[in-house]
Amino acid sequence: MGQGAAENEMVVKQDLKVVAEVREFVRLVTGEYGMDDFVPCLVAGELVTNALQHATSETGDEDVILRLSRTGDDALWMEVQDAACGLPHMLAADTSSETGRGLFIVDQYARCWGIRALAGNVGKVVFAVIDRT
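Please read all numbers here as calculations on a predicted model, not as lab measurements.

Caption draft 1: Inspection of the overall build of the protein chain at higher detail. When helices and strands are tallied, the protein chain shows three helices and five strands. The linear arrangement of helices and strands in the protein chain, starting from the amino end, is β-α-α-β-β-α-β-β. Taking all 133 residues of the protein chain together, 41% fall into the buried category. Taking the contacts inside the protein chain whose residues are at least 6 apart along the sequence as the reference set, 62% of them involve residues at least 24 apart. Accessible surface, the protein chain as shown: approximately 7,200 Å² in total, 51% of it carbon and sulfur.

See below:
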């Protein structure tokens with residue numbers, strides 16, 4: 001395979017039930033990469049759920065896009081793009097709370113993660129790098 005690693009992309013429908021499809025997509029891609037899918041599925045589910053909850057409340061009809069590719073050192077690069085401009089932040093993990101744990105989970109399992117605002121105020125990308133353990 002050449003240097004330009006193929007990027008796998010999925011447009012996520014505005015429906016929280018779609019997280020099952022997201023996990024299926026992640027399983028397919030990680031299978032091609034020969035990676036275990038548990039952590040990637042967990043992280044993708046959290047990032048997509050966050051994006052759907054926040055993007056839909058602000059804009060209503062913008063797509064959420066999940067992209068997966070490999071890094072130079074064979075880790076998994078995952079990013080979720082949405083049209084909401086508000087940047088997510090990690091809340092203190094409240095064990096009784098139903099929300100707010102997403103980025104805490106991402107922080108626990110990813111080698112690193114971050115948020116990039118898109119130029120022109122059209123949204124943001126949340127990314128995470130997951131080692132192939």
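Caption draft 2: Broad picture of the nonpolar core. Within the largest apolar cluster, 30 residues are counted, with the highest numbers of intra-cluster contacts made by Val 12, Val 22, Val 43, Leu 47, Leu 66, Leu 68 and Met 78. Mapped onto this core, the elements with two or more residues apiece are strand E1 (8–12), helix H1 (19–33), helix H2 (38–58), strand E2 (64–70), strand E3 (76–82), helix H3 (102–109) and strand E5 (124–130). Among the elements that make up this core, the one with the highest residue count is H2 (eight residues). Residues in contact with Val 22, not counting those within four places in the same chain, are Met 10, Val 12, Ala 44, Val 48 and Leu 66.

Caption draft 3: Focus on the packing of aromatic side chains. With the rule as written, the count across this model stands at one aromatic pair. Ring centres 4.9 Å apart and planes at 10° place the aromatic pair Trp 77 and Phe 127 in the stacked group. Remark: Phe 127 occurs in strand E5 and Trp 77 occurs in strand E3; sequence separation between them is 50 residues. Here Phe 127 falls in the buried class, since its relative accessible area comes to 19%.

Caption draft 4: Highlighting the sheet that holds E5. Taken in spatial order, the five strands line up as E1-E2-E3-E5-E4 in an open sheet, and their pairing is antiparallel. Pairing within the sheet leaves two strands with one partner each, and these edge strands are E1 and strand E4 (112–117). For this sheet, the mean angle separating the axes of adjacent strands, direction not counted, is 15°. Of the pairings in the sheet, the one linking E2 to E3 comprises six bridges and is antiparallel in character. Within E3, the residue paired with Ser 69 across the bridge is Trp 77.

Caption draft 5: Representation of the confidence of the model for the protein chain. With 80% of its residues at a pLDDT of 70 or more, the protein chain has an overall mean of 84. For the stretch residues 1–5, pLDDT sits under 50, and the model shows two contacts to residues farther than four places along the chain or on other chains.

Caption draft 6: Focus on the pairing of E5. Within E5, seven of the seven residues are buried, leaving the element largely enclosed by the surrounding structure. Covered by surrounding structure in E5 are Lys 124, Val 126, Ala 128 and Ile 130 together with Val 125, Phe 127 and Val 129, the residues of both alternating faces. Note that E3 and E5 share seven bridges and pair antiparallel. Counted as the bridge partner of Gln 81 is Val 125 from E5. Connecting E4 to the next strand, E5, in antiparallel fashion are six residues, including Gly 120 with a positive phi near 80°.

Calculation notes
Residues numbered from 1 in each chain as written. Predicted model: local features only at pLDDT ≥ 70, side-chain atom pairs only at ≥ 80, totals over all residues. Heavy atoms only, no water. Helix = DSSP H or I, 4+ residues; strand = E, 2+ residues; numbered from the N terminus. Buried < 20%, exposed > 50% of the residue type's maximum accessible area, 1.4 Å probe, protein only. Contact = heavy atoms within 4.5 Å. Areas by Shrake-Rupley, 256 points an atom, 1.4 Å probe, with all protein chains shown as cover. Core = buried A, V, L, I, M, F, W, Y, C linked by side-chain atoms within 4.5 Å. Phe/Tyr/Trp six-rings, centres within 6.5 Å; stacked < 30°, edge-to-face > 60°. Pairing = 2+ DSSP bridges. Axes fitted to C-alpha atoms, helices over the stretch in contact; angles between N-to-C directions. pLDDT = per-residue confidence, 0-100.

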